[in-house]
Amino acid sequence: MPSLSLREKPDVKQIQASIYDFPKYYDVLFGSDWKAEYDFILASAREHSRRGVRRLFEPACGTGRLLYRFAAAGFAVAGLDLNPRAVAYCNARLKRRGLPPAAFVGDMSDFRLRKRFDVAFNTINSFRHLPSEDAAAAHLQCVAAALGRGGIYVLGLHLTPTRGDPQDEESWAARRGHLCVASRMQSLSLDRRRRRERVAMTIDVHTPTRHFRIADEFIFRTYTASQMRDLLARVPLLEWVETYDFAYRIDEPVRIGPETEDVALVLRRR
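This write-up is about the structure you can find in this document. All residue numbers here refer to positions counted from 1 along the written sequence of the relevant chain. Local features in this predicted model are restricted to residues of pLDDT 70 or higher, and side-chain atom pairs are both shown and tallied only at a pLDDT of 80 or more, whereas totals for entire chains, interfaces and linings draw on every residue. To obtain the side-chain values, all non-hydrogen atoms of the structure were used and water was disregarded.

## Quick notes on the overall build of the protein chain
Applied cut-off: The secondary structure listing takes helices from DSSP runs of H or I that are at least 4 residues long and strands from runs of E that are at least 2 residues long, numbered from the N terminus. Two things to know: the radius of gyration comes from C-alpha atoms, and the globule rule equals 2.2 Å times the number of residues to the power 0.38. Each residue is assigned to one of three classes by its accessible area relative to the maximum for its type, calculated with a 1.4 Å probe on protein chains only: buried under 20%, partly exposed between the two thresholds, exposed over 50%. By the convention used here, residues are in contact when the closest approach between their heavy atoms is within 4.5 Å. Exposure was quantified through the Shrake-Rupley algorithm and a 1.4 Å probe, taking into account, for residues, occlusion by the shown protein chains and nothing else. Charge convention: Lys and Arg are scored as positive, Asp and Glu as negative, and His as well as the terminal groups of each chain are ignored. Every charge is mapped onto a representative atom, which is NZ of Lys, CZ of Arg, CG of Asp or CD of Glu.
Within the protein chain, the secondary structure is distributed over six helices and twelve strands. In terms of overall dimensions, the protein chain is globule-like: its C-alpha atoms have a radius of gyration of 18 Å, near the 18 Å expected for 270 residues. The burial tally for the protein chain puts 53% of its 270 residues in the buried class. If you take every contact in the protein chain between residues at least 6 apart in sequence, the share linking residues at least 24 apart comes to 69%. For the protein chain, the accessible area works out to roughly 13200 Å², and carbon and sulfur atoms hold 47% of it. The average position of the 43 basic charges and that of the 33 acidic charges among the side chains of the protein chain differ by 7 Å.

## Re helix H2 (residues 34–48)
Rules: Any helix carries an expected span of 1.5 Å times its number of residues minus one.
The end-to-end C-alpha separation of H2 is 21 Å, in line with the 21 Å expected for 15 residues at 1.5 Å each. Where H2 is concerned, the buried positions are Glu37, Tyr38, Phe40, Ile41, Leu42, Ala43, Ser44, Ala45 and His48. Those residues of H2 that are buried are in contact with strand S2 (55–59), helix H3 (67–72), strand S5 (117–122), strand S6 (147–158), strand S11 (238–244) and strand S12 (262–269).

## Thoughts on the environment of glutamate 261
Among the structural elements, glutamate 261 can be located in the loop between S11 and S12. Ignoring anything within four residues of it in the chain, the contact list for glutamate 261 reads Leu157, His158, Leu159, Pro161, Asp165, Pro166 and Gln167.

## As for the sheet that holds strand S1 (residues 13–16)
Let me state the cut-off plainly: For two strands to be treated as a pair, DSSP must find no fewer than two bridges joining them. Axes here refer to lines fitted to C-alpha atoms; in helices the fit is confined to the stretch in contact. Angles between the N-to-C directions go from 0 to 180 degrees.
An order of S1-S10-S9-S8-S7 is seen for the five strands of this open sheet, with the pairing classed as mixed. Looking at strand neighbours, the two that pair on one side only are S1 and strand S7 (169–176), the edges of this open sheet. Neighbour-to-neighbour, the strand axes of the sheet open up by a mean angle of 20°, direction not taken into account. Examined bridge by bridge, S1 and strand S10 (residues 211–221) share four bridges and lie parallel to one another. In the sheet register, isoleucine 15 faces S10, and the bridge partner there is isoleucine 214.

## Some remarks on the sheet that holds strand S4 (residues 103–105)
Pairing is mixed across the open sheet formed by seven strands, whose spatial order is S4-S3-S2-S5-S6-S12-S11. Either end of the sheet is taken by a strand with one partner, and the two such strands are S4 and S11. Strand-to-strand twist in this sheet, taken as the mean axis angle between neighbours without regard to direction, amounts to 20°. Pairing between S6 and S12: seven bridges, direction antiparallel. The residue of S12 that forms the bridge with glycine 156 is alanine 264. Where helix H4 (residues 84–96) meets the sheet, its contacts fall on strand S3 (76–81) and S4, and the angle it forms with S4 comes to roughly 165°. Across the sheet, helix H6 (residues 225–233) touches S6, S11 and S12, and the angle it forms with S11 is around 155°.

Laid out in structure tokens, this is it:
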């Protein structure tokens, strides 16, 4: 795989922009491991939902890397995202497969759906883009209102550990045909008091004839396990029923400790 080091190729053309404005490259990077998440969401529904699974909803759906696969399998789906380019990409791929458009531009902390859903999911930290406790609580309340009673919300995020140092760098790469996309995500600063983590992310794009880099920075809100419990206490319609890690083994739930970071929470609508 190509190197992610910025020092090795200082002459690489760099674009300072939001990674979310490049849905094709984002989808290659985050869509490569879709099967584990797809299977885990359905397994979570079988294990923890009190209703059948026919309708699935994804807030912050992005390119629809999971949404369109559920749609292709015969489920009714819907998703929302703030980024219109991502929404257009998602709906275009659905259309190419003869499926109706299912994504719309919307705010994940302020939405209302016409129909109730059986399962909602948000698995790759998008929740942490919500900038405040009030916005996070509003999001969870919107999700609760969108779920039928007994339905579940699978929510994946990185917790901030209370013992030891959190992981501060992550790199990975993925390939689709002749296109290779490599990423490096790095924590630049962590303010535990203000609960703000400043993160830098670069995406190196390699084609047979080009190599360029997209560079972005954003702020994640931080959550310890205790802070997450306090937040969920504000949304009594959602019950925290089980916790897993990013290995996505439905028969191996985890117990959160002071060093725990990666979690997939299963929340059930009362």
